[in-house]
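What follows is the residue order along each chain.
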Amino acid sequence: MGEYDPTLLPDLLKPYYDRLFPTDLMYRWLSYGSADYFSRREFSFTLMGDVYIRYQSFGSNEEFGKELRRRNPEKIDIGAVYTQKPKSRDSSSGFQPVEKEFVVDIDLTDYDDVRTCCSGAKVCEKCWKFLAIAVKILDAALRDDFGFKHLLWVYSGRRGVHCWISDTIARQLDSHGRGAVIEYLSVIKGGENQAKKVKIPNPETLHPFLQRSVDIIDEMFKEICDDDQNIFNTEANFNILPLDVKMAARNPASRYEDVFNYINDNKKEKKTLRQLHPELLLQFCYPRLDVNVSKGINHLLKSPFCIHPKTGQVCVPFDPKYVDKFKTTDVPSITQLMDEIGEHDKAKESEVNVLTWKKTKMAPYMKIFNDFIKKLEKDRETRDKSDNNKELF
Amino acid sequence: MQAGGQSNSTWGQARVRNRYKCNLARRIELIENRDLYTSPISTYATAPNANLSVTDFERYALARLKVLRIIERQNLLSPDKFSVEWRNKIEAEIRRQDIAEFIIVLFSSVGTEGVSETEMIRAREFDHISHFLLRLAFAGTEEHRKWFISLEMDLFTMRLRGLVGAASLRNFLLAEEFPGKLVEKDEKEKYRTEICNSVLLGGGLTIQQHNKLETDIYKVSFEYALDLVRLRKVFLRNGEAYVHHNELVSIICTAFRSHLSEGLSMVKKNMHIVEQDERIMQVVADFDRRHTGNNYGNKKENVSGVSADELPTLSQKSFPLCMRSLYDVVVKEHHLKHFGRLQLGLFLKAIGVPIDEAVKFWRGHFTKKPEIDGTRFDKQYLYNIRHMYGQEGRRADYTPYSCMKVIMSNVGPGDHHGCPFKHSDQQNLRAKLVEAQVPSNGMKEIMDLVEKHHFQIACQKYFEWTHGSMTVEGGVNHPNQYFEESRDVLSGKKTIKTEDVIKTKRVVVMPDGSQRTQTLLTSEMETQPLSSTNPETDGDPLDTPMEEDSAIVDFLASQGY
């Protein structure tokens, strides 16, 4: 199977949009049962040669597909639903964003202070464990705390994950509401000039959300921070510790054990240590969230099923329940997909009617997307029914 | 009450939520209309209907602006918003500045301090009208709206908290449409730990557990409790917030905020109607800017161009620490994240670095990174820089960040922007001060101020220690003001020793956009930024072209805002 070559991307995109990109499913998702709703949605395209066009909008599923095939965008961004069709907007102040999925964006580059295995755009299996923790913590909070049911988790194609929360309440949040939700979910605070980024008010009474997050981290903490990353070997990380802990862990060879042994042995007497323990767990493993992406109702985010131009990988949905097992290397690249289709067609010429994506590695990811949409549609149906009943009585 | 008739599933629907909002607004309206100004707190549900002279128009608006600025300043000084100390300081300052109507509205009741019923009603009317006048002045831009909403919210919350315990508040809230219900005893027991661990009192202490559960807990969709959600001060389960009855205030505030925010969008939409009245526009246009002192956005004639080559020296001598730090990061790491670029870039623009020199500066450093060549730079960053100079996008003339904005900015991993006095831990800040050659006694003084959250005063001290005891006129309010003061001191133009009397400025923007500066004297430095205005000044050029005794507010009310 061929390696992905970025210079060939333009040639690959055309057949990709022709045969694989799930236009119909995208339409079913983003219309939420209303053609009008879909037509007021902003899409932005990045075309060949870094041409960026905003405020695209499409009146129908057919128009959407036609434009994709005509333009073959390198990247599609999804924006908000506006008061008017973005394409035919007038310049008056009447053109305002009204709804959008609540989105969460996590990028591994924001973990460079705790990753020692890789940095920047590089990602390995060890790095993914940070994202796995992030997904578990956020998925639990979004479902159990906020009661959201329709979460679409996607791998961005290189070094991050996105979550599209599509419940009606989530879509209708204004930017103040979005800010409140994302602040609730943000634990790591402060920039490069603040080494210690987590401060909990009282170790005796941890907020249930923090308690759950700490518990999730605890399961994987030693594996990640000791075995994988050897976290205290980085001076910056070691320096976060208070003096007494540092003194107890002077031997560089056994820093990790010494730190946590010291904390455990002296926890009872020292409140600062009882506080330090969850703070360290959170500081090193709590998800780093891009707050600004979540806050802005008109903020654009890359669409699922785009091709990442650097890796050629498809931005695919995944099931958060199996996030531990997710391997970025399993995600097909556009080159692989095209090869697969070619081979399949050659081998089984008779099966021309088989849906194209079923011939490829896209199939399992497509199923996750399909299930997500079905659940949305089912929910809508029951709600419509109960609404109708109410009108009757 | 307790919304018994509403099933959980309908709460989430927009229809229901909007209905609640409307009902809340209507309820407020009813309460107000039953007898105008009987309520100690106004939610400003309806626009005022009164006659007002143009002079009064400005006086009303100005008085309220002063109150908001006092709150703004106190927010920066005390770490604990809405604490008793915070409230007392605000009261003291409002009394000190003798803002009569607000003393009555906020801190008196009929009968105390010799306040008669008529006076109270008049003061409440003043509160009502002035609020709507400022809506006009602050509806224009997103940034102004945000500022106005956040401070009006603080004022509103402060007043509401003064009411807690009063039966009127609970009655008001628990009226039929309140979309919450009382949590049953069994459920309360089931989630005892979770609820107890979520309700925090000031300082991170929890209420005694048994005590906490004796009081009522209400379940309400999280959207109504956004302020509690933001602070993680409430237990959330399946989309519902378990609200302690002490925190019901927060729920009213959330509703008030959306009401206010909608009101401002409405003003913005109808601004073209207001703009037709020159008399109003002369008061309202640039209102904020005129009364806060210098605006560093517009290039002044006396600013000579600064070239990229001068930056290495200037940055070490005259940049405030926030900008110096960012500059040093660019030089050392050849990179800076988005908001860091904005904070530094707009500052550079305002000290007079022209666009081509700015491009030269950013390109020179960023392309030192191996993965960024000239083409990549042009693709990735050039647009951004041109945007800052209003050459791209909607071609807005972006103003440089004030201290307030820098201090309040959101700083996350990888970020270097923000205020070093606020967003650095001790170790990092110390290192920076050593690098800037602040002696150890200066270090101690600055660290003490930081400890007490006096970030701007710490910055002023930093100025003094790095400028041979010369000080900044009236305290540091803006990085660009810091820069200009520094240039003046270093060039020998200015010689204000720390102990000298501090002058304050009132800047008047003339209709043609030019500025006129008046100098007033005041002896108290610390309060200066708040009292930088003086409505009683004779010969104010704004008064002359306007007709007296016109019924502007009447007119406004009729324009449906």
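Just so we're clear, the structure is a prediction, and the values are computed from it rather than from any experiment.

Student: Sorry if this is basic, but what is going on with the packing of helix H6 (residues 117-138) of chain B against helix H7 (residues 142-161) of chain B here?
Tutor: Two quantities define a packed helix pair, namely the angle between the axes and the distance from one axis to the other. Residues and elements named next belong to chain B. Running from N to C, H6 and H7 point in directions that differ by 160°, and their axes come no closer than 9 Å. As the angle between them shows, H6 and H7 are arranged roughly antiparallel. Between H6 and H7 lies a crossing whose hand is left-handed. Residues Asp127, His131, Leu134, Arg135 and Phe138 of H6 lie in contact with H7, whose contacting residues are His144, Arg145, Trp147, Phe148, Glu152 and Arg159. Broken down by class, the residue content of the contact of H6 with H7 amounts to four nonpolar, two polar and five charged.

Student: I tried to follow the sheet that holds strand E4 (residues 240-244) of chain B on my own but got confused; where do I start?
Tutor: Adjacent strands of a sheet form backbone hydrogen bonds with each other and so pair up, either parallel or antiparallel. All names here are of chain B. With respect to topology, four strands assemble into an open sheet ordered E1-E2-E4-E3, the strand pairing being antiparallel. Two strands bound the open sheet, and with one partner strand each, they are strand E1 (180-182) and strand E3 (235-237). Direction aside, the axes of adjacent strands within the sheet are offset by 30° on average. The pairing of strand E2 (residues 217-221) with E4 spans five bridges and is classified as antiparallel. Directly across from Ser221, in E4, lies its bridge partner Glu240.

Student: Just to check I follow, could you spell out unusual backbone geometry for this structure?
Tutor: Glycine aside, a negative phi is what most residues show, and trans is what most peptide bonds show. Of note in this structure, Asn72(A) is not a glycine but carries a positive phi near 45°. Along the chain, the position of Asn72(A) falls in the loop between helix H4 (61-71) and strand E3 (75-82). Residue classification places Asn72(A) among the buried positions, given a relative accessible area of 11%. One non-glycine residue, Asn238(B), lies in positive phi territory at about 55°.

Student: Can you walk me through the interface of chain B and chain A in this structure?
Tutor: Interface size is often expressed as the accessible area that is lost when the parts come together. Opposite the 44 residues of chain B that make contact, chain A presents 47 residues. For chain B, the biggest contributors to the area lost against chain A are Arg230(B), Arg232(B) and Pro413(B); these three give 20% of the whole. The interface formed by chain B and chain A contains two salt bridges. For Asp110(A), the salt bridge goes to Lys337(B), with nearest N and O atoms at 3.3 Å. The set of elements that each furnish at least two residues to the side of chain B that touches chain A consists of helix H2 (14-34), helix H10 (192-198), helix H12 (226-230), E3, helix H13 (248-269) and helix H24 (426-435) of chain B. By residue number, the principal contributor to the side of chain B that touches chain A is H12(B), which donates four residues. Split into classes, the residues belonging to the side of chain B that touches chain A amount to eleven nonpolar, 16 polar and 17 charged.

Student: Quick question: what am I supposed to make of the sheet that holds strand E5 (residues 102-107) of chain A here?
Tutor: All names here are of chain A. One open sheet accounts for four strands, arranged E5-E7-E6-E9; its pairing is antiparallel. A single partner strand is all that each edge strand has here, and the edge strands are E5 and strand E9 (317-318). Bridging between strand E6 (residues 151-155) and strand E7 (residues 160-165) involves five bridges; their strand directions are antiparallel. Counterpart to Leu151 in the pairing with E7 is Ile165. Contacts from helix H5 (residues 125-145) reach E5, E6, E7 and E9, with the element oriented near 170° to E6.

Student: How should I be thinking about helix H11 (residues 255-266) of chain A in this particular structure?
Tutor: Each α-helix turn comprises 3.6 residues. Residues three or four places apart therefore point the same way. Residue and element names in this part refer to chain A. For H11, spanning twelve residues, the distance from its first C-alpha to its last is 16 Å, which sits close to the expected 16 Å at 1.5 Å a residue. Turning to H11, its buried residues are Arg255, Tyr256, Asp258, Val259, Phe260, Tyr262 and Ile263. Tucked inside the fold, the buried residues of H11 contact helix H8 (208-228), helix H9 (235-238), helix H10 (243-248) and helix H12 (271-285).

What counts and how
Residues numbered from 1 in each chain as written. Chains lettered and ligands numbered in written order. Predicted model: local features only at pLDDT ≥ 70, side-chain atom pairs only at ≥ 80, totals over all residues. Heavy atoms only, no water. Axes fitted to C-alpha atoms, helices over the stretch in contact; angles between N-to-C directions. Helix = DSSP H or I, 4+ residues; strand = E, 2+ residues; numbered from the N terminus. Parallel < 35°, antiparallel > 145°, perpendicular 65-115°, else oblique. Left-handed = near helix turned anticlockwise from the far one by under 90°. Contact = heavy atoms within 4.5 Å. Nonpolar A, V, L, I, M, F, W, Y, C, P; charged D, E, K, R; others polar. Pairing = 2+ DSSP bridges. Buried < 20%, exposed > 50% of the residue type's maximum accessible area, 1.4 Å probe, protein only. Buried area = accessible area lost by both parts, 1.4 Å probe. Salt bridge = Lys/Arg side-chain N within 4 Å of Asp/Glu carboxyl O. Expected span 1.5 Å × (residues − 1).

Limitation: the analysis is restricted to geometry and does not speak to function.
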